[in-house]
Amino acid sequence: MSHSISSNDDEFGDIVLFPLTFSDDEEEQEDLTESSNDASDERESENEVEEIKPKAHMTLRQRRLSKSYAPLANLKLKVKPGQSRAQNHWIMAIKKARDLSDPWASFHIEDIKTEFCIRHRYNPHKKTWTKDEVQVKMMKKPFNRGAMRQCFRLKKISTFSRSGDWSHAQNYVAKRYIEKVDRDVYFQDVRLQMDAKVWGEEYNRHNPPKKVDIFQMYILEFKDRPGEPLYHLEHFIEGEYIKYNSNSGFVDENLRYTPQAFSHFTFERSAHNLIVVDIQGVGDLYTDPQIHTVGSCEYGDGNLGAKGMALFFHSHICNDICNSLNLTEFDLSPREIATHKDFLRAQRKSIMQTKVRGEIEQCLSLSPSSEKIDITRFLDHQRTCSTGVSDGHTPTDLDSPSMDDEEPMSVDSPSPSGVPYGVRFRSPSDTDSQSSMTKEPDDQEEEEAFNRMAGSQNARPSCVALEKDFRKLMNHKIGDSILGKVHHEMAKYHEVGRFVLGDSKDEKLIDWESAIFHEEHAAELGELEAMVTMAKLYLGQDREVLVNCVVEPSDEHTNRGVDFMVEAAEAGDRGAMVYMGRAFETGDGLGTLRSVSWEDAVYWYEQAVKTHDNDEGGQFDCTINDPSYTLMAKQAEMYRQGGHGLDKDPQRAGDLYNEAAEAAMEAMKGRLANKYFALAEEAYGEMEEEEVETTG
């Protein structure tokens, strides 16, 4: 599979470009990598020209052209008729690559002893590994190091190479963990980076103003060294290395559009199943990304799940590229939007580093238990403004940097400011794009493989209002909302002071308005823990989230709390079921919109009896506070008396008392079991008396 670019200048001849593939031809991959790396350097001047040299076996027309061009050494290359600007850029990049000097020539790596290694390559489309043998020369001392790995200079040629000329071998970087790790970690890292590369190709398929790419990564196994150590292997790229965002919420203050839009794109395109973050590299050629997923242990300790997604979206406000890709804005509170730039300027440098699970919990401590925060006005304001906020907001100068701050666009890319909001940009001619995902037969297979990898999910918006509409359409009332989990985690981060500006440890600076904003959105999206939290908050009960918040008691707040409690009960929370059973039985805490109904009380008690939640270790049992036998006894008592919409049924009451007695016996409650057995006999006796009265 190849794409040919034919220049109108015969001096160039036919230049064949090979897209990045997973073939076994090493030479093709290395030639393309070198050319594509140079093309990705946006800061290279376009005014560089080279002396045109006649080539062997030139036609008469080619010789004439070369002579006519020879005096024009300073002529800037221009777009030729019938040839796209992208094709000219590729031609210039390839010409530059041919004459580039080796930046590592002074280290004389070619004099180092040659080693034979096993190279492991991963195909993310087929989920398969392949092995081959390569020759390498690697320096013993590292030339750089990060928080977890150190880097070594290395040159590599294929064992099938006939030249054996090490002075022209490709430059690579070999990376090794400083601390000893399990060998499988190296393979997990490669799977992560190659999966992220597939997401980069999917992003490019939507023709953003700037394409992105992610380094191909391999594993080298030095089979002749003691212990057969493993190294990661990547191409060496010259240029300024920049970390655009981290896996724990850091965003580069200069706020380039493309890296942030790419992360946002992966979240929506994967239907919220993952997000690619920790974007860093040279220009838009990225390396060492991190993928957050929900409900999966893939991608190592850097996978922070919904917590990592929440940290990204707190520091992200959609830019023009997000809008051109038709991405929807993640709902942030008005205060978060107003303080967004201040947060970026004041963000602690410690969050720039990649974090692992456990480290991100080191936030401010909770407020003292004796200190209560009245959030009534926040709740009332939230209900008043929820409609406007859910519909999204139009970006302003405060929301995102001006277009002057964005990196310069490539010559053949349209200006994002010229793209209307909500309209996905498509290039004038898809055939001009040199993306590796051009719709050739092999590429169609790659696209189908990507869809299988993504779970054949359709893109889902980041906006709460649209997500709610989608859930209604799919008849989803509770659960299965990753977006709800993200809002719930963001509320918890606000509570512990994670987003307090600067290094201050003052709990009074916690943004309670934003915490309530996100917790209520999470509840609206069916997140069970959020629904229980909001219900208990309005009803004034103890809870595990927003512990120190209080709400002024009122009929409106009680009704709101009961609404959330009903939703939590329908979602399967046993505590909510018991609460609704008691409320319908006694009328306490039922609000003004509902009335006592023993029929409803019996229903919720029955649902609670059927629910048995406990953890695997047995430390938690939801029936401890409200054992099933007490709930069955309550049902029996209501059936024995009748009323409030429930027909009297002594026989059903007796049966329930017997079931309660047996459950009490299993729980080693002998006296209580005897009591229930006696009540069962009394209920059966009342049934016989009714039969006698009926026959008499």
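Residues numbered from 1 in each chain as written. Predicted model: local features only at pLDDT ≥ 70, side-chain atom pairs only at ≥ 80, totals over all residues. Heavy atoms only, no water.

Engineer: Give a description of the pattern of salt bridges that names residues and reports values.
Structural biologist: Scanning all chains against the criterion turns up 27 salt bridges. A salt bridge links D132 to R121; its shortest N-O distance comes to 3.5 Å. Of the two residues, D132 sits in strand β4 (residues 128-138) while R121 sits in strand β3 (residues 115-123), which places them 11 residues apart along the sequence. Of the charged contacts in the structure, one is a salt bridge between K223 and E133, with a shortest N-O distance of 2.4 Å. Residue K223 is found in the loop between β9 (218-221) and β10 (230-235), and its partner E133 is found in strand β4; the two are separated by 90 residues along the sequence. With a relative accessible area of 33%, E133 lands in the partly exposed category. Each member of the salt-bridge network shares a partner with another, and the members are R149, K175, E234 and D288. (Salt bridge = Lys/Arg side-chain N within 4 Å of Asp/Glu carboxyl O. Helix = DSSP H or I, 4+ residues; strand = E, 2+ residues; numbered from the N terminus. Buried < 20%, exposed > 50% of the residue type's maximum accessible area, 1.4 Å probe, protein only.)

Engineer: Pulling in residues and values, what's your account of the sheet that holds strand β13 (residues 280-282)?
Structural biologist: Spatially, the 4 strands line up as an open sheet ordered β8-β14-β13-β11, and their pairing is mixed. A strand with exactly one partner marks an edge of an open sheet, and here the two such strands are β8 (213-214) and β11 (241-243). Summarising the sheet, β8 and strand β14 (residues 285-286) pair through 2 bridges and their orientation is parallel. Its bridge partner being in β14, D213 is matched across the sheet by L285. (Pairing = 2+ DSSP bridges.)

Engineer: With reference to specific residues and values, describe the packing of aromatic side chains.
Structural biologist: Evaluation of the coordinates by the stated rule reveals 18 aromatic pairs. An aromatic cluster is defined as three or more aromatic residues linked by ring pairs; in this entry it consists of Y203, Y244, F262, F265 and Y286. The ring of Y218 has R119 lying over it, and the distance from NZ or CZ to the ring centre is 5.1 Å. Directly above the aromatic system of F107 lies the positively charged group of R153, at a separation of 3.8 Å from the ring centroid. (Phe/Tyr/Trp six-rings, centres within 6.5 Å; stacked < 30°, edge-to-face > 60°. Lys NZ or Arg CZ within 6 Å of the ring centre and 35° of its normal.)

Engineer: Go over helix α5 (residues 257-269) with me, naming the residues and quoting the values.
Structural biologist: Given 3.6 residues per turn, any residue in an α-helix points the same way as the ones three and four places further on. An ideal rise of 1.5 Å per residue puts 18 Å on 13 residues; α5 measures up with 18 Å between its terminal C-alpha atoms. Extensive coverage of α5 is indicated by the burial of 13 of its 13 residues. (Expected span 1.5 Å × (residues − 1).)

Engineer: Give a detailed account of the nonpolar core, specifying residues and quantitative values.
Structural biologist: Inside soluble globular proteins, nonpolar side chains tend to come together where they are buried. Counting residues in hydrophobic clusters, the biggest one holds 63 residues, and the most contacted among them are L537, L546, M565, M580, M638, Y657 and Y676. Of all elements in the fold, only α14 (512-524), α15 (528-539), α16 (555-570), α17 (574-586), α18 (598-610), α19 (628-641), α20 (650-666) and α21 (670-695) reach the threshold of two or more residues within this core. Ignoring any residue separated from it by four or fewer positions in sequence, one finds M580 in contact with V562, M565, V566, A569, L590 and W604. If you look at the next biggest cluster of nonpolar residues, it comprises 22 residues, including F265, L274, I291 and L325. (Core = buried A, V, L, I, M, F, W, Y, C linked by side-chain atoms within 4.5 Å. Contact = heavy atoms within 4.5 Å.)

Engineer: For the pairing of β3, give the residues involved together with the corresponding values.
Structural biologist: With 7 of 9 residues buried, β3 is to be regarded as a mostly interior element. Across 3 bridges, β3 lies against β9 in antiparallel orientation. Bridging from a neighbouring strand, R119 pairs with L220 of β9.

Engineer: Outline the pairing of strand β7 (residues 170-177), listing residues and values.
Structural biologist: Two faces belong to every sheet, and in a regular strand the side chains alternate between them. Within β7, 7 of the 8 residues are buried, which leaves the element mostly enclosed by the surrounding structure. Here strand β6 (residues 149-158) pairs with β7 via 8 bridges, running antiparallel. The partner of R153 across the bridge, within β7, is V173. Two elements, β7 and β10, share 4 bridges in a ladder whose sense is antiparallel. Residue pairing across strands places A174 opposite L233, the latter belonging to β10.

Engineer: Explain the environment of T586 residue by residue, including any values.
Structural biologist: In this structure, T586 sits in helix α17. A relative accessible area of 46% places T586 in the partly exposed class. Between the alpha carbons of T586 and S597 there is a distance of 8.7 Å; along the sequence they are 11 residues apart. Of note is the side chain of T586, whose polar atom sits 2.8 Å from the backbone oxygen of R582. Engagement of the side chain of T586 in a polar contact is seen with the backbone nitrogen of D588, the distance being 3.3 Å. (Polar contact = N/O pair within 3.5 Å; in protein donor to acceptor, adjacent residues only side chain to side chain.)

Engineer: Lay out unusual backbone geometry with the relevant residues and their values.
Structural biologist: Phi angles above zero are rare outside glycine, and N207 is one such case at about 50°. With respect to the helices, strands and loops of the structure, N207 is situated in the loop between α4 (183-205) and β8. Phi angles above zero are rare outside glycine, and D278 is one such case at about 55°. Topologically, D278 is positioned in the loop between β12 (274-277) and β13.

These results come straight from atomic positions and should not be treated as a statement about function.
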